[in-house]
Amino acid sequence: MKRILCMLLAAAMLSLTACSEQSSGEDGAQSSPSGEGASPTVETEPAEEEPARLEDDLPDTDLEGWTMRILSHHDPLSDERTIYAYELTGETVNDLIYNRDLSLKKRFNCDFELIPGNGWATDQSMLEASVRAGSRDYDMSFLLPFATSGALITKGLLYNMLAVPHLNFEKPWWHTNVNSLYTIGGYLPFVSSDYLISSYQYANALIFNKKMAMDRGADDIYGMVREGTWTLDAFERVITEFSQDVNGDGQYTDEDSYGFASNFGYHAITWGYAIGELGVQFVDGEAVLGFCDERFYSLAEWLYGILYGGNLTFEIGWDKDCEINWDTDRVFMQAIWLADLVKFRDCESPYGIIPYPKYDEAQDGYYTYMDARSGNMAVPIDAEADTVKNVGLLMEAMSCLNFNDIVPEYLNSIMNYKYARDPESVEMLGYISAGRRWDIGYTFSSVDAGNIVWILDFHLKSTGGNLASKVASIEKVNRKTYQRILDGYADLASREW
Ligand SMILES: [Ca+2]
C-alpha cells in the first residue's frame, strides 16, 4: 500500500515534468494534473500489483576504483543533504541516499567524495579557481547558478551537457523541460533530474490551516482550485476575515491574527509567476523581458494591498521561520517552499497544501516558480574525456534510482499524515508540480534592486504598488545584462564539443 501511495504521489508530481513547455507562457502547465496520477484512492485496497521499476539500461562498467569528486553548494539553509549522505542516521531519505550510493559503488566499482562549499557562492569560486589553475579538483558539481548571476556562462566554466555520454533525456527521471529551457544554440550548461530532490523541495506553494477553516466555515478552497475559481479575488476574500487585533492594543504584531504570512522577498516574487509570466525569455537571440505589462502592473497594485494595505499579512523575515507558531491558529494561510513542510510534520493543527491562485478564471492553469536552491548538476569545462563519460554514467544511474525509490519516499514524507490523512493534498501537489516554472531571468539574476525579476521585492512598497515607471527606468539595463549572457552562450556553443 505504501508503495502504491508513493507512486501516486510521484505521478502527481511528475505529471508535467515530462511534458511542459517552459519557454512559453501560453500552454505550459495544464489546468489540472494528470487524472489517474492525481486521483488518490488511498482508502481502497487496489489490486496488489507492484508498478514495474524502470531500468537505466546502462552498460556493465568497471570504473576500477575511480572516485567521483562532487563539489556541492553548502550554506546554512540548503546544502549537500539533498544529494549526499555521509552515514546512516535512521532518517528515511538520508538512508535511502546512503544505500543508493552503496549499491552504485558495488555495481560500478567506484567511490564518491563530497566537497562542500561554505557560503552562498564559494562553491562557484572554488570551481573557477580549479578551472583557472587547470588543477581539475572536481568531477561534477551541484551548484546554484543563480548565486553568481550568469558568471558560470560568461566565464565559461561548464562543460556542454549535451555532449556527456550516457545521459538519456528520453528517460522520465530527467526534467527535460528544464534542460530544454537552458539549451541555447546547442549548448546546455547544466541539467536537472530526480537526482536533485531539491527540484521538488524548492517549489513555492501555500498551506492553509484546516482547523481555522473548519472553525470559521471558510470557503471550500480545494473545490475552488479544482474548479479553476481559485483566483486573486478568491484569495483576498478568504484571507481577509482572519486578520484580527487579538490583544486589542491597536497594533498588529506577532501576538495577533492574520489571513496570510509570507516572506516579502523570495516568496512574494512568486506572484509574478503565479499569474503566468516569466522574468526573461530568450527569443531568436534576444532577451525579452516579462513583468512589464498592464496585467503585471495590476497584480502589483493588488499585491501592495495584500502585503502593505490592511494588516492582512504577517511578514516572515529573510531565511527565517514564521514567528507566529502554526499551532496557535493565528495564521490562516502561509507561503512556503515544499522543503519547509518537514518542520510542520509534528504540528497539531492540520494543514492543507494548495497552489498560488490564478490571476483570473480565464488563466489556463496554476503556476509557481522554483527557488534558486533547487540548483543544477554540471561538469567542469576542462574535465577529461574519461571523466565526462564516468560522470554521465553515474548521473544517469543515480537519477534512475532516485526516480524509482527516493523521490516517491520524499514526497510521502512531506504529507501531513500524523493526525489526518489528506488525499486532497496529494491532488493539490499535482497542480503545484504541473505549474512549476524555471525562469532564465531568475536563474541568471542576483538579488538586485535593478533587476526586473526582483521588482516586487525591492520596489513594491516604495512605489505604493505602481511599478510601471520603475520598470521603464530599468528595462534597458536589464536587456543589456541578459544580452551579455546570451553572448556568453554563443561563445560556448561555437566551441567543438
Ligand atoms: Ca495587537
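Residues numbered from 1 in each chain as written. Predicted model: local features only at pLDDT ≥ 70, side-chain atom pairs only at ≥ 80, totals over all residues.

Q: Explain the overall build of the protein chain to me, using residue names and the numbers behind them.
A: The helix and strand tally for the protein chain stands at 17 helices and 13 strands. The 497 residues of the protein chain split such that 50% are buried. Pairs at least 24 apart in sequence give 79% of the contacts found in the protein chain among residues at least 6 apart. (Helix = DSSP H or I, 4+ residues; strand = E, 2+ residues; numbered from the N terminus. Buried ≥ 20, exposed ≤ 12 C-beta atoms within 10 Å, placed from the backbone. Contact = placed C-beta atoms within 7 Å.)

Q: So what about the packing of helix α3 (residues 92-108) against helix α13 (residues 385-413)? Which residues, and what values?
A: Contact geometry of α3 with α13 gives a least axis separation of 10 Å together with a crossing angle of 160°. If you check the angle between α3 and α13, you find them roughly antiparallel. In this structure, α3 meets α13 at a crossing whose hand is right-handed. Taken together, the residues of α13 that come into contact with α3 (itself represented by Thr-92, Val-93, Leu-96, Ile-97, Arg-100, Leu-104 and Phe-108) are Leu-393, Leu-394, Ala-397, Met-398, Leu-401, Asp-405, Ile-406, Glu-409, Tyr-410 and Ser-413. Among the residues making up the contact of α3 with α13, the classes are represented as 12 nonpolar, two polar and three charged. (Axes fitted to C-alpha atoms, helices over the stretch in contact; angles between N-to-C directions. Parallel < 35°, antiparallel > 145°, perpendicular 65-115°, else oblique. Left-handed = near helix turned anticlockwise from the far one by under 90°. Nonpolar A, V, L, I, M, F, W, Y, C, P; charged D, E, K, R; others polar.)

Q: Run through the sheet that holds strand β9 (residues 331-337), naming residues and quoting values.
A: Strands sit in the order β8-β5-β9-β4-β10 across an open sheet of five strands; the sheet is mixed. Each edge of the sheet is formed by a strand with only one pairing partner; in this case those strands are β8 (313-316) and β10 (351-354). If you compare each strand with its neighbour and ignore which way they point, the axes differ by 25° on average. One ladder, built from five bridges, connects strand β4 (residues 204-209) with β9; its direction is antiparallel. Looking at the pairing, Phe-208 lines up with Met-333 of β9. Set on the sheet, helix α14 (residues 423-434) makes contact with β4 and β10; between it and β10 the angle comes to about 25°. (Pairing = 2+ DSSP bridges.)

Q: Can you break down the environment of Val-342 residue by residue, with the values?
A: Following the sequence through the fold, Val-342 ends up in the loop between β9 and β10. On the basis of neighbour count, Val-342 is assigned to the partly exposed category, with 14 C-beta atoms found within 10 Å. Between the alpha carbons of Val-342 and Ser-413 there is a distance of 7.5 Å; along the sequence they are 71 residues apart. The contact partners of Val-342, leaving out residues within four places of it in the chain, are Ser-413 and Ile-414.

Q: So what's going on with α14? Which residues, and what values?
A: In a regular helix each residue adds 1.5 Å, so 12 residues correspond to 16 Å; α14 covers 17 Å between its end C-alpha atoms and thus fits that length. Counting buried residues along α14, 10 of its 12 residues qualify, which places the element largely inside the surrounding structure. Of the residues making up α14, those classed as buried are Ser-425, Val-426, Glu-427, Met-428, Leu-429, Gly-430, Tyr-431, Ile-432, Ser-433 and Ala-434. (Expected span 1.5 Å × (residues − 1).)

Q: Give a description of the environment of Tyr-86 that names residues and reports values.
A: Positionally, Tyr-86 belongs in the loop between β1 (66-72) and α3. Judged by the 11 C-beta atoms lying within 10 Å of it, Tyr-86 falls in the exposed class. Separated by 11 residues in the primary sequence, Tyr-86 and Ile-97 place their C-alpha atoms 9.3 Å from one another.

Q: Tell me about the nonpolar core, and please be specific about residues and values.
A: Within the largest apolar cluster, 143 residues are counted, with the highest numbers of intra-cluster contacts made by Trp-271, Met-377, Val-379 and Leu-394. If one sorts the elements of this core by residue count, α13 sits on top with 14 residues. If we skip the residues at most four places from it in the chain, Leu-394 touches Met-68, Leu-104 and Cys-110. (Core = buried A, V, L, I, M, F, W, Y, C linked by C-beta atoms within 7 Å.)

Q: How would you summarise the sheet that holds strand β3 (residues 140-143) if you had to cite specific residues and measurements?
A: An order of β2-β1-β3-β12 is seen for the four strands of this open sheet, with the pairing classed as mixed. Pairing within the sheet leaves two strands with one partner each, and these edge strands are β2 (110-116) and β12 (376-378). Taking the axes of each pair of neighbouring strands and ignoring which way they run, one obtains an average angle of 20° across the sheet. Here seven bridges tie β1 to β2, and the two strands are oriented parallel to one another. Bridging from a neighbouring strand, Ser-72 pairs with Pro-116 of β2.

Q: Explain the pairing of strand β6 (residues 280-283) to me, and be specific about the residues and the numbers.
A: Taken together, the four bridges between β6 and strand β7 (residues 286-289) define a ladder with antiparallel strand orientation. Each bridged residue has a counterpart across the sheet, and for Val-283 the counterpart in β7 is Glu-286. The turn joining β6 and β7, which pair antiparallel and follow one another in sequence, is formed by two residues; a positive phi near 50° is taken by Asp-284.

Q: Account for α13, with residues named and values stated.
A: For α13, with 29 residues, the first-to-last C-alpha span of 39 Å sits near the 42 Å given by 1.5 Å per residue. The element α13 is extensively covered by neighbouring structure, given that 22 of its 29 residues are classed as buried.

Q: If you had to explain the confidence of the model for the protein chain to someone new, which residues and values would you point to?
A: When pLDDT is averaged across the protein chain, the result is 89; 89% of the residues are at 70 or more. Residue range residues 15-46 is modelled with pLDDT below 50. Its contacts to residues more than four positions away, or to other chains, number 66 contacts. (pLDDT = per-residue confidence, 0-100.)

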